[in-house]
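Tertiary structure, described
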Amino acid sequence: MRSGLDYSERREFIGEYQGYDPDTPVEGYYRGYLARGGHPVGIHIWYGAPLDPLTGEEMDRGWRWQATANGALIDLERVWPRFADNRIDQPEHDHLCCVQRWAETHAPDSPQANPTRPIDLMRAPVTL
Amino acid sequence: MSTAFADVKPFPGQPNPRAAIGGNKPPLEDTIVAEFMESLAEEDGLLARIDELVAKGRAAGACDSEERAGRYGDFVKMAGVAAKAVEQVRERHNRPILTAQRALKGRADAIVAPLTDAVNHVRRQLDVFMAEQRRIAAERQRQAEEQARAAREAAEAERQRQIDEAHANGESAFEAIEELGLPAIEVKQPEIEKPAVRGDYGSRVGSQTVWKHEIVSVRQLPDAILKHPKTVETLDKLIAAQVRGGAREIKGVRIWDEQTTIVR
């Protein structure tokens, strides 16, 4: 039987909105993943002057919301609000960046050096 | 097959099953396991990976930090993936055998099913006949018991008459019994006859007493049944299903929670 409600009638929303606003990120550090089943990377989101993609210096341009994944610039839409729940502190973020830098030099085939690839559990190094 | 020489034993009639093409193959269980091991060896580094996981797992020490706990969790995941890979190879080899088993059973069942129907039909006829035989036997038994009861009463009456005669002659009952040598009243009990039929090929068709039961009230059952290990096992399963479903209070059951480690 059809409900007697008139759906065109506007009503007051009772309660609070849960979740994050996709247009208003929250500055901070987060743990994110660049591939499903991949190694975690450190995400940094902030509002500031854009960085020069070659030198990394701040440019004299309009401030905007920006994000990096292990130090590399990444589109904000890829990481916010997707990883908004995985907040971490700066030391943890710096550690994730260092791990990838070290792995690129010393273990180029390891999952840590390739966060955009899913981890192959049959070939990943066993570290106990 | 006769031979030209009378003292030579005839050639054996049963053919040797191994004297055929492929008769020197090893048994199926050996063949299938050998093929399975070959397939495992072909999987890139699977056996070496398992050896590595086993060695490192056995050497693992105490878990003393979150980072180590994370690594241990990763190890559990890696071991699960390796075990799954072995299982996939096993399934590849097992599937054709399973399919063949099912086809064989299906074919055999298809052959036996009409036979089972025919046997059931004959059994139904037999049941009707045997029920009629039991009814006739019961009727005969009833008549025999009637006759026995009548004979007993007649004998008792005669005995009493003789005792009364002795009384009339002035003798006591005991003296009369001793003098007359009256025998104890014995009447042959009629034997319970069970109908039985024999076939020409040795089959015997008879009746068998089968006791059946129905539980009228579970609460009145004795402890020997209610506390039997099988009963408790069944109750455990039912209660576990209810507790998993969210029940937290069940009369006669203590429910509590424990923390266990899971790795996802």
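Our subject is the structure that appears above.
Residues numbered from 1 in each chain as written. Chains lettered and ligands numbered in written order. Predicted model: local features only at pLDDT ≥ 70, side-chain atom pairs only at ≥ 80, totals over all residues. Heavy atoms only, no water.

Once that is clear, we can look at the pairing of strand β2 (residues 40–48) of chain A. Residues and elements named next belong to chain A. Extensive coverage of β2 is indicated by the burial of eight of its nine residues. In the sheet, strand β1 (residues 28–33) pairs with β2 via six bridges, with the strands oriented antiparallel. Of the residues in β2, the one forming a bridge with Tyr29 is His44. Two successive antiparallel strands, β1 and β2, enclose a turn made up of six residues, where Gly37 displays a positive phi of approximately 80°. Where β2 lies against strand β3 (residues 64–69), six bridges are found, and the strand directions are antiparallel. Bridging across to β3, Tyr47 finds its partner in Trp65. (Buried < 20%, exposed > 50% of the residue type's maximum accessible area, 1.4 Å probe, protein only. Helix = DSSP H or I, 4+ residues; strand = E, 2+ residues; numbered from the N terminus. Pairing = 2+ DSSP bridges.)

Here the structure, examined in full by the defined rule, presents five aromatic pairs over all chains. Among the aromatic residues, those joined into a cluster by ring pairs are A:Tyr20, A:Tyr30 and A:Trp80. Lying across the ring of B:Trp256, B:Arg254 places its NZ or CZ 4.1 Å from the centre. (Phe/Tyr/Trp six-rings, centres within 6.5 Å; stacked < 30°, edge-to-face > 60°. Lys NZ or Arg CZ within 6 Å of the ring centre and 35° of its normal.)

Okay, helix α2 (residues 90–106) of chain A next. Residue and element names in this part refer to chain A. For α2, which comprises 17 residues, the first-to-last C-alpha distance of 24 Å matches the rise-based estimate of 24 Å (1.5 Å per residue) to within 8%. Burial in α2 covers these residues: His93, Leu96, Cys97, Gln100 and Ala103. Projection of α2 onto a plane perpendicular to its axis shows the buried side chains occupying an angular sector of 130°, all on one side. Seen from the buried face of α2, the exposed residues on the opposite side, beyond 90 degrees, are Pro91, Trp102, Thr105 and His106. Buried residues along α2 sit in contact with β1, β2 and β5 (87–88). With a side-chain oxygen lying 3.2 Å from the backbone nitrogen of Glu92, the N-terminal cap of α2 falls on Asp89. (Expected span 1.5 Å × (residues − 1). Arc of directions from axis to C-beta. Contact = heavy atoms within 4.5 Å. Polar contact = N/O pair within 3.5 Å; in protein donor to acceptor, adjacent residues only side chain to side chain.)

What follows is about the pattern of salt bridges. Applying the stated criterion across every chain yields a total of 19 salt bridges over all chains. Salt-bridge contacts for B:Glu153 lead to B:Arg149; the nearest nitrogen and oxygen are separated by 2.8 Å. Remark: B:Arg149 and B:Glu153 occur in helix α3 (residues 66–168); sequence separation between them is four residues, near one turn of the helix. B:Glu153 gets classed as partly exposed once you look at its relative accessible area, which sits at 47%. What you see here is one network of salt bridges that share partners, running through A:Asp120, A:Arg123 and B:Asp44. (Salt bridge = Lys/Arg side-chain N within 4 Å of Asp/Glu carboxyl O.)

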